[in-house]
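Listed below, chain by chain, are the residues.
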Amino acid sequence: MPKTSIIIPHHNNYEILNDCLKSLYNSHLHNSEIIIVDNNSTDDSISRIEKKFSNLIIVNPGENKGYAGGCNYGAKYAKEGLLVFLNNDTEVELDWLTNLIETISKNSNISSVQPKIISKKNKIKFDYAGGSGGFIDKYCYPFARGRIFYTIENDNAQYDDSIKIFWASGTGFITKKNIFEKMGGFDETLFAHMEEIDYHWKCQLNGYSVYINPKSTIYHLGG
């Protein structure tokens, strides 16, 4: 199975990053590398993480570049052909990565694959930031299967089909490094919101497809 480079932007808060990494190391990582982008944290979270986890790659751009810039910066250090962008306040299930890799490897035309994203606070509900795959309406308002405006549905397996979607949530998704570089990465002017929609829109304009694989599940704290 192909290896991946898992890129996690971080700015302050030891506990959420610690929980994320414990979850990752308890899952099937297939020898993937983990790159932490320290967006110039002002607390001791990175020094504490370094002492606890010895096999991380930690890079610092010297400023807080947000999610978009942090991911772009981390991607420069990635050695693998598959990139996974992951929020630091997530936890994952055992085979979350296996299922993402299997789907993205099926077709050279697939640019990205999103897992199903469940609320970490209430695990019977979808997460606001992505649910089971993102779409956009004719007025360019984004929504997701499981969340429209502020209405969030319980996960009753109603969106457990793997289908084409319009955008994969920046909370967590896998993409091909060569396509990410071809698209110019994330637009850093967007800093921390909508950068994933912009990226996947560009992917589709260039003939690529985006998918959801709900067999892969992660949990998101959010906020």
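Preceding this paragraph is the structure being described.
Treat the numbers as computed from the prediction; the structure is a model and nothing was measured.

Q: Looking at this structure, how should I read the nonpolar core?
A: Side chains that are nonpolar tend, in soluble globular proteins, to be buried together. Core analysis: the biggest nonpolar cluster contains 28 residues, and I6, I8, L21, L24, I34 and W96 have the highest contact counts within it. The contacts of I6, once residues within four sequence positions are left out, are L29, S32, E33, I34, I35, V84, L86, W96 and L97. Of all hydrophobic cores here, the second largest spans 24 residues; its members include V59, F180, Y199 and I212.

Q: Even after reading the chapter, I still don't get the packing of aromatic side chains, so can you show me in this structure?
A: Aromatic ring pairs are described here by two measures, namely the spacing of the ring centres and the angle between the planes. All chains considered together, the criterion is met by 16 aromatic pairs. Ring centres 6.0 Å apart and planes at 45° place the aromatic pair Y67 and F186 in the tilted group. On the criterion of sequence distance, the pair formed by Y67 in helix α3 (residues 66–75) and F186 in the loop between α5 (177–182) and α6 (195–205) is long-range, its members being 119 residues apart. Accessibility assignment for this pair places Y67 and F186 in one class, buried. Geometrically, the ring pair formed by F126 and Y159 is tilted, given 5.7 Å between the ring centres and 55° between the ring planes. Placement of F126 in the loop between β6 (110–119) and β7 (134–136) and of Y159 in the loop between β10 (151–152) and β11 (164–165) is noted, with a sequence separation of 33 residues between them. Among the aromatic side chains, those forming a connected cluster through ring pairs are Y67, F85, F173, F180, F186 and Y199. Positioned over the ring face of Y219 is K123, at 4.5 Å from the centre of the ring. When the ring centre of Y128 is taken as origin, the NZ or CZ atom of R147, which lies over that ring, is 4.0 Å away.

Q: I tried to follow the environment of N40 on my own but got confused; where do I start?
A: Position of N40 relative to the elements: it lies in the loop between β2 (33–38) and α2 (45–52). Taking relative accessible area as the criterion, N40 reaches 33% and is therefore assigned partly exposed. For the pair N40 and K65, spaced 25 residues apart in sequence, the C-alpha to C-alpha distance is 8.6 Å. Discounting chain neighbours no more than four positions away, the residues touching N40 are H11, N60, G62, E63 and N64.

Definitions and limits used
Residues numbered from 1 in each chain as written. Predicted model: local features only at pLDDT ≥ 70, side-chain atom pairs only at ≥ 80, totals over all residues. Heavy atoms only, no water. Core = buried A, V, L, I, M, F, W, Y, C linked by side-chain atoms within 4.5 Å. Buried < 20%, exposed > 50% of the residue type's maximum accessible area, 1.4 Å probe, protein only. Contact = heavy atoms within 4.5 Å. Phe/Tyr/Trp six-rings, centres within 6.5 Å; stacked < 30°, edge-to-face > 60°. Helix = DSSP H or I, 4+ residues; strand = E, 2+ residues; numbered from the N terminus. Lys NZ or Arg CZ within 6 Å of the ring centre and 35° of its normal.

These results come straight from atomic positions and should not be treated as a statement about function.
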